[in-house]
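# Structural overview for review
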Amino acid sequence: MELSFPLAEAPDAEAAEAGRRLFAGGAGFLKGVVAMDGLPPADRAEVCFAGRSNVGKSSLINALTGTRALARTSNTPGRTQEINYFTLGDTHYLVDLPGYGFAKAPLPVVERWQALLRAYLAGRPSLRRAFVLIDARHGIKEVDEEILTMLDRAAVPFQTVLTKADKVKAAERDRVLAQVRQKLQTHPAAFPELVLTSSEKGEGIATLRAIVASLA
Ligand code: GTP
Ligand code: MG
């Protein structure tokens with residue numbers, strides 16, 4: 001059966017309110033983790049944000065939490081090099097993963113990140129869902145396939161989030177959506193709904209908040 005991967009519908013009033021309330025409950029930086037033994041206890045619902053360097057992971061966390069600079073954003077790809085943990089109220093962790101596909105990082109550094117990422121994705125029982133961010137202008141690239149396959153193998157359900165929607169015209173966006181839908185057919189761990197977001201303009205943010213709240 002072909003999965004159609006529709007865009008997630010806007011949440012109903014109740015789900016939107018649950019999302020709003022969760023993200024209004026205060027978010028804070030907990031710690032940056034560089035090895036598995038640095039992870040906090042797996043005692044809360046956790047979601048992580050994965051994606052290529054510069055795709056907009058940190059910006060999305062800031063938009064969701066309504067903060068300007070909770071997660072560091074930058075024009076320099078590869079800035080976020082640790083697994084950054086943020087608390088959301090006292091029920092959730094938001095996890096900003098190191099960006100991948102940054103060619104300028106030295107190979108041993110890249111390999112260390114990959115090993116940590118693989119260990120994290122495969123070994124985190126409280127991880128409810130991974131959000132994989134894909135630039136709405138570019139679609140799924142070869143480097144993205146690596147993490148999608150990693151998520152399939154670890155049986156971590158992942159939901160694709162298209163970022164920077166404000167930077168793409170309708171025709172181009174539709175072409176990218178078709179490409180993404182096609183690529184996701186081969187990934188059993190893909191959640192069958194996409195989310196289109198703009199951290200700049202707020203598009204899709206209430207929807208994503210409601211989705212996270214629904215995973216408690
Ligand atoms: P790494 O930490 O290096 O992996 O990058 P990242 O995925 O965290 O990206 P980050 O949030 O730092 O954003 C990279 C650049 O994209 C920044 O200049 C952001 O301002 C810009 N950006 C992120 N999201 C959006 C968006 O929705 N719209 C627009 N126009 N720009 C965005
Ligand atoms: Mg970042």
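For the structure itself, look to the data block above.
Turning our eyes to something else, we now look at the packing of aromatic side chains. Taken as a whole, this structure holds three aromatic pairs when the rule is applied. Note on F49 and F131: the rings are 5.4 Å apart at their centroids and 20° apart in plane angle, and the pair reads as stacked. Pair noted here: F49 is in strand 2 (residues 45-51) and F131 is in strand 5 (residues 127-135), with a separation of 82 residues, a long-range link. F131 matches F49 in its accessibility class, with the two residues each being buried. Ring geometry for Y85 and Y93: centres 5.3 Å apart, planes at 85°, overall edge-to-face. The pair Y85 / Y93 is uniform in exposure class, with both members buried. Across the ring face of F191, the terminal group of R129 is positioned such that the distance to the ring centre comes to 4.0 Å.

In terms of burial, strand 4 (residues 92-96) is a largely internal element, five of the five residues being buried. What you see with strand 4 is no split at all: H92, L94 and D96 on one side and Y93 and V95 on the other are buried throughout. Here strand 2 runs beside strand 4; their pairing, made up of five bridges, is parallel. Residue E46 lies in a different strand from strand 4, and its bridge partner there is Y93. Here strand 3 (residues 83-88) runs beside strand 4; their pairing, made up of five bridges, is antiparallel. Bridge pairing in strand 4 links N84 to D96. Taking the residues that link successive antiparallel strands as the turn, the strand 3-strand 4 hairpin has three residues, and the phi of G89 there is positive, at about 55°.

About the cut-offs
- Along every chain, residues carry numbers that run from 1 in the direction the sequence is written.
- Chain A is the first chain written and ligand 1 is the first ligand written, with later ones labelled in order.
- Selection of residues for local features in this predicted model requires a pLDDT of at least 70, selection of side-chain atom pairs for listing and counting requires 80 or more, and totals for whole chains, interfaces and linings are taken over all residues.
- Excluding hydrogens and water, the side-chain values take into account all heavy atoms of the structure.
- Here a Phe, Tyr or Trp ring, Trp counted by its six-membered ring, pairs with any other such ring whose centre lies within 6.5 Å, and the pair is stacked when the planes are under 30 degrees apart, edge-to-face when over 60, and tilted otherwise.
- Secondary structure is summarised from DSSP: a helix means a run of H or I of at least four residues, a strand means a run of E of at least two, and numbering begins at the N terminus for each.
- Working definition: with a 1.4 Å probe on protein chains only, accessible area under 20% of the residue-type maximum means buried, over 50% means exposed, and in between means partly exposed.
- Only when the NZ of Lys or the CZ of Arg is both within 6 Å of the ring centre and within 35 degrees of the ring normal is a charge said to sit over the ring.
- Being paired, for any two strands, means DSSP has found at least two bridges between them.

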